[in-house]
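Topology and contacts: notes
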Amino acid sequence: SLKAKNVAVIDDRTAYGQGVADEFEKGVVAAGGTVVGREFTNDKATDFNAILTKIRATNPEVVFYGGMDAQAGPMVRQMKQLGITAKFLTGDGGCSPEMIKLAGDGMSSSAYCSMPGLPLEKMPGGADFRERYKKRFNADVQVYAPYAYDAAMAIITAMQKADSVEPSKYLPELKKSNFPGVIGNVSFDANGDIKEGAVTIYNFKDGAWVPL
């Protein structure tokens, strides 16, 4: 819906960063877009002026970064300093309050990120999970906690059904998992991926990531 055609892609050369950037690039090309630049950095860097200067010359409408918040934040700040007005997109590695803090005044409504799953408040068991989590740990729910909880429940249930803790015995039961979890119905496809998996896009607004 951003209607962008010219996209620049940067990654941090890690398995996660490069992997998500590669998939993003495939998606751009499949949708008829053009990747006008592909640059890379590393997961320890804080100065991106050289690669951003090269990217600025290609005049992209979108800059996608595959990597973590420790690099995404300074990158957004330096984009503003260099006068790059492209929208900034990143994955769950940058979808954090820490990125917002590191980006400072570089953050604007042109920044977007994606996260697996639904926001906690939209998960079928989200409200109850938040209440129980707060009571148990006296803390806010960590982002992957509902998924870890449902994953543990899937394994425990499979062990109970197989009456065994031996992987060779309970893995067949795990494949057949089908129960209402915190995140929604938990069941898996032939590849072992969760069925009906959601991805949520967030936009920076009023000082925070807000789900679109």
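Residues numbered from 1 in each chain as written. Predicted model: local features only at pLDDT ≥ 70, side-chain atom pairs only at ≥ 80, totals over all residues. Heavy atoms only, no water.

1. Some points on the nonpolar core
Here is the rule: Take the buried Ala, Val, Leu, Ile, Met, Phe, Trp, Tyr and Cys residues and link them wherever side-chain atoms come within 4.5 Å; each set so joined is a nonpolar core. Residue burial is assigned from relative accessible area. The probe radius is 1.4 Å, only protein chains are included, and a residue is buried under 20% of its type maximum, exposed over 50%, and partly exposed in between. Strands are runs of DSSP state E lasting at least 2 residues, helices are runs of H or I lasting at least 4, and numbering of each runs from the N terminus. Throughout, a residue-residue contact means that at least one pair of heavy atoms, one from each residue, lies within 4.5 Å.
By size, the foremost hydrophobic cluster in this structure holds 28 residues, and its most contacted members are Ile-10, Leu-52, Val-63, Phe-88, Met-107 and Trp-209. Secondary structure elements with two or more residues in this core: strand E1 (6-11), helix H2 (49-56), strand E3 (62-66), helix H3 (69-81), helix H4 (97-103), strand E5 (111-116) and strand E8 (199-205). Of all the elements, H3 adds the most residues to this core, at four residues. Here Leu-52 is in contact with Ile-10, Met-75, Gln-78, Met-79, Leu-82 and Ile-84, once residues within four sequence places are set aside. If you look at the next biggest cluster of nonpolar residues, it comprises 13 residues, including Leu-120, Tyr-133, Ala-154 and Ala-158.

2. Digging into the state of the cysteines
Heads up, the condition is: Sulfur atoms of two cysteines make up a disulfide when they are within 2.5 Å.
On inspection of all chains with the given rule, the structure shows one disulfide. Bridging Cys-95 to Cys-113, the disulfide has an S-S length of 2.0 Å. Residues Cys-95 and Cys-113 are joined by a disulfide whose S-S torsion is about 45°; by sign, that bridge is right-handed. You can see Cys-95 sitting in the loop between strand E4 (87-90) and H4 and its partner Cys-113 sitting in strand E5, a full 18 residues away along the chain. Here the two residues Cys-95 and Cys-113 agree in accessibility, since each one is buried.

3. Focus on the side chain of Asp-12
Worth spelling out the cut-off: Residues counted as positive are Lys and Arg, residues counted as negative are Asp and Glu, and His and the chain ends are not counted. When a carboxyl oxygen of Asp or Glu is within 4 Å of a side-chain nitrogen of Lys or Arg, the pair counts as a salt bridge. The definition of a polar contact used here is a pair of N or O atoms within 3.5 Å, where within protein one atom must be able to donate a hydrogen and the other to accept one, and adjacent residues in sequence count solely through side-chain atom pairs.
In this fold, Asp-12 is placed in the loop between E1 and helix H1 (15-30). Here Asp-12 occupies a buried position and makes no salt bridge, while the nearest side chain of opposite charge, Arg-13, is found at 7.0 Å. Here Thr-14 takes part through its side chain, which lies 2.7 Å from a polar atom of the side chain of Asp-12. With sequence-adjacent residues up to four places away left out, Asp-12 is seen in contact with Gly-17, Gln-18, Thr-41, Asn-42, Asp-43, Tyr-65, Gly-66, Gly-67 and Met-68.

4. Looking at the pattern of salt bridges
Applying the stated criterion across every chain yields a total of eleven salt bridges. Asp-22 is paired through a salt bridge with Arg-38; the nearest N and O atoms lie 2.8 Å apart. Linking Asp-22 in helix H1 with Arg-38 in strand E2 (residues 34-40), this pair joins segments that are 16 residues apart in sequence. The salt bridge involving Glu-98 is made with Lys-101; its shortest N-O contact spans 3.4 Å. Separated by three residues within a single helix, Glu-98 and Lys-101 lie in helix H4, roughly one turn from each other.

5. Digging into unusual backbone geometry
For residues besides glycine, phi is generally negative; the peptide bonds are generally trans as well. Unusually for a residue other than glycine, Asn-59 sits at a positive phi of about 55°. Examined against the element boundaries, Asn-59 turns out to sit in the loop between H2 and E3. Phi is positive for Asp-163, close to 55°, though the residue is something other than glycine. Tracing the backbone shows Asp-163 in the loop between helix H6 (145-162) and helix H7 (167-175).

Scope: geometric values only; no functional claims are made or implied.
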